[in-house]
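Structural features, examined
For reference, the chains in residue letters:
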Amino acid sequence: MTGTDQEPHARNPAAAVARMPTGAKVFLILVGALLPLALIALLTTLQTTRTADTEARARLRAVADESTGNLDNALTNQANQLREGLTALERDSSDASSCMRLVGTFAAQGGVRFAIARDDGQVICGQRVSLAGAGAVPPGETQALVNDEGLTIRMAGSRGMTALAYYPVAALNAMSRPSGFVPEYGAALVKGDQRVVLRTLQGVGPLGRREEIRGELSIGGLELEMSMPGAPITSPLILTTLLLVLMWIAAAAIGWFVVDILLIRPLRRLRRSVGNYRPGEVIDMRRMGAIPAQEIRELGETFQQISRTVQLHEADLAQGLVRQTKLTREVHHRVKNNLQVISSLINFHARGARSLEATEAYASIQRRVDALAVVHRHHYAELEENRGLDLRSVIGELAANIRATAPENAAGLGLTLDIEPLLVNQDVAIAVAFLLTELVELAMSCNPRTQVRISIKGTDDPERATLRVNSPALVEDPALQALMENRYERVIFGLARQLRSKLHYDPLVGAFEAAIAMTGRP
């Protein structure tokens, strides 16, 4: 099969699956069949985790709402009080009571500082708070600044005075702390890209997850970000997931192992026994060992019974062949004896002939009978091997018989043989023997003392050979032409047609040539 023929099979998934071993097919089928169960168990585990996430998010939402409300109320109230104090001090910078109320308000927060200053920077109430890089605040507006240290709220009055309040991280954390017992949480104050961490979330490992929610404050675009640990990816969850996967694969592997033990391996042993079977033998089930599957045992017993039946039939055929061989030998032996009897009768009548022409006629007939007898004898000798007749041996014996039956005036007849060892079937051998007999007799009729050369050579075609007979007596002349027309031409060319070949004649050198079929070489 060429590469072009293999490409469609390689691209065809069905053909690829068909070439897979049965064990692999069973394993894939079991994996696919058990996959829905594994997915159901995995989805159940994931749903449990999702439910835990939902509960954690609900707790976080409640905590975030409470913390955002606490921080927003505290900052809003203090910002309002700071603006009232700023307004009162702008009306009367010597209003000590307004300043003392602010001091009392911010002192209760612990660590929170405030300051109200004139436009020239002189603090008239509170403590000086340095604020690097802060720009001017438009009159009547409130500004919130966030850095790593805390939160600063600034506001400007209508007469050029400014007020600010600084909240450190600890104060903001205390103000945003939810009431009651709450789980571990984290908090951060965010404004745009700036953020300050109020409380760091603890206990989140490499596989831990966290839930985050932001709540808006009503001052300066601030947001409070709350975070709590989500449902963690704990070792029990990982172990459960791995167990699900292992159970899925193990179930498929156990199913494949059972099928392999009960079916596939016994079938392989049975196939091996049947593959090693030779006609005449009986399959021995005991060599296959124990077979768990009853159906395969019955199949093996069926093969054993078939092999036993084949053995009996082989024995019957062998006996019939022996009888047939004996009968064939008897027939060949009788045919050979009959040909010898016919040859003897012809020889007997030739000795009693009263004229030379009758004697020569009997000799001509005897040469043809001898040609047939030679081929039959060699065919009988090759019958056991049935490889074909050795043409060199047949023609050698045929040439000897022709010399022996030649007339007295042909004592100087010469036959030269140049024949390669070739094998032919009986039909070709008979036609070649008769053709050579006719051509040699034609040459003797023209010149009894002539020389005849017979050659058979192989060709480039391993199934064809070239037969060539040449003699000076076969050179074209009126005597040869008369013999051909009156007696030999029809027989010679008829034998060539029997050889399924065209007989070529070269009148200048006196040669006849034809191609013959061969079966091989000895």
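What counts as what
Residues numbered from 1 in each chain as written. Predicted model: local features only at pLDDT ≥ 70, side-chain atom pairs only at ≥ 80, totals over all residues. Heavy atoms only, no water. Helix = DSSP H or I, 4+ residues; strand = E, 2+ residues; numbered from the N terminus. Buried < 20%, exposed > 50% of the residue type's maximum accessible area, 1.4 Å probe, protein only. Contact = heavy atoms within 4.5 Å. Areas by Shrake-Rupley, 256 points an atom, 1.4 Å probe, with all protein chains shown as cover. Axes fitted to C-alpha atoms, helices over the stretch in contact; angles between N-to-C directions. Parallel < 35°, antiparallel > 145°, perpendicular 65-115°, else oblique. Patch = residues over 30% accessible without salt bridge, like charges linked within 9 Å, V, L, I, M, F, W, Y side chains within 5 Å. Salt bridge = Lys/Arg side-chain N within 4 Å of Asp/Glu carboxyl O. Disulfide = S-S within 2.5 Å. Core = buried A, V, L, I, M, F, W, Y, C linked by side-chain atoms within 4.5 Å. Pairing = 2+ DSSP bridges. Polar contact = N/O pair within 3.5 Å; in protein donor to acceptor, adjacent residues only side chain to side chain.

The next subject is the overall build of the protein chain. In terms of regular secondary structure, the protein chain is built from 11 helices and 16 strands. Scored against the burial criterion, the 522 residues of the protein chain give a buried share of 35%. Here the contacts in the protein chain between residues at least 6 apart in sequence split such that 65% fall between residues at least 24 apart. A total accessible area of about 30,000 Å² is found for the protein chain, and carbon and sulfur atoms account for 56% of it.

This part is about the side chain of serine 455. Note on placement: serine 455 falls in strand S13 (residues 451-458). Beyond its immediate stretch of four places on either side in the chain, serine 455 contacts Asp418, Thr466, Leu467 and Arg468.

On to the environment of aspartate 65, then. Tracing the chain through its elements places aspartate 65 in helix H3 (residues 22-91). Under the relative-accessibility criterion, aspartate 65 is labelled partly exposed at 46%.

What follows concerns the packing of helix H10 (residues 426-446) against helix H11 (residues 478-498). Direction vectors running N to C along H10 and H11 enclose 170°, while the axes themselves pass 9 Å from each other. As summarised for this structure, H10 and H11 are arranged roughly antiparallel, according to the angle between their axes. Between H10, through Asp427, Ala431, Phe434, Leu435, Glu438, Leu439, Glu441, Leu442, Ser445 and Cys446, and H11, the contact on the second element is made entirely by Leu480, Leu483, Met484, Arg487, Tyr488, Val491, Ile492, Leu495 and Gln498.

This paragraph deals with a nonpolar patch on the surface. A grouping of Ile254, Phe257, Val258, Leu262, Leu263, Leu267 and Leu299 is seen on the molecular surface, where their side chains present a nonpolar patch of about 580 Å² in accessible area. Broken down by element, the nonpolar patch gets its largest block of residues, 6 residues, from helix H6 (residues 235-275).

Looking now at the state of the cysteines. If you walk through the whole model with that rule in mind, you get 1 disulfide. Through a disulfide, cysteine 99 is tied to cysteine 125; the S-S separation comes to 1.9 Å. Since a negative S-S torsion denotes a left-handed disulfide, the cysteine 99-cysteine 125 link at about 100° is right-handed. Residue cysteine 99 is found in helix H4 (residues 96-107), and its partner cysteine 125 is found in strand S2 (residues 123-126); the two are separated by 26 residues along the sequence. Side by side, cysteine 99 and cysteine 125 carry an identical accessibility label, which is buried.

Before going further, it helps to examine the nonpolar core. Side chains of nonpolar character tend, in soluble globular proteins, to be buried together. Val432, Leu436, Val452, Ile456, Leu467, Ile492 and Ile516 are the most contacted members of the largest nonpolar core, which has 50 residues in total. Looking at this core, the elements with two or more residues in it are helix H8 (356-381), helix H9 (391-405), strand S11 (414-419), H10, S13, strand S14 (464-470), H11 and strand S16 (511-517). When residues of this core are assigned to their parent elements, the largest contribution, 13 residues, is made by H10. In contact with leucine 467, other than residues within four places in its own chain, are Val432, Leu435, Leu436, Ile454, Ser455, Ile456, Phe512, Glu513, Ala514 and Ile516. Membership of the second largest hydrophobic core comes to 42 residues, among which are Cys99, Ala171, Leu189 and Leu198.

Here we come to the sheet that holds strand S9 (residues 223-229). In spatial order, the strands read S7-S6-S9-S8; together these 4 strands make up an open sheet with antiparallel pairing. Across the chains shown, the open sheet's two edge strands, defined by having one partner strand only, are strand S7 (194-199) and strand S8 (210-216). The mean inter-strand angle of the sheet, taken between neighbouring strand axes irrespective of direction, is 25°. Summarising the sheet, strand S6 (residues 186-191) and S7 pair through 5 bridges and their orientation is antiparallel. Bridging from a neighbouring strand, alanine 188 pairs with valine 197 of S7. Of the strands in this sheet, S6, S7 and S9 touch helix H5 (residues 169-176), which is tilted by about 65° from S7.

Within the secondary structure layout, serine 176 lies in helix H5. The exposure class assigned to serine 176 is buried, which follows from its relative accessible area of 1%. A distance of 3.3 Å separates a polar side-chain atom of serine 176 from the backbone oxygen of asparagine 173. When neighbours within four sequence positions are excluded, serine 176 is seen to be in contact with Ser67, Leu71, Leu198 and Leu224.

Note that all results are geometric; they support no functional claim without further evidence.
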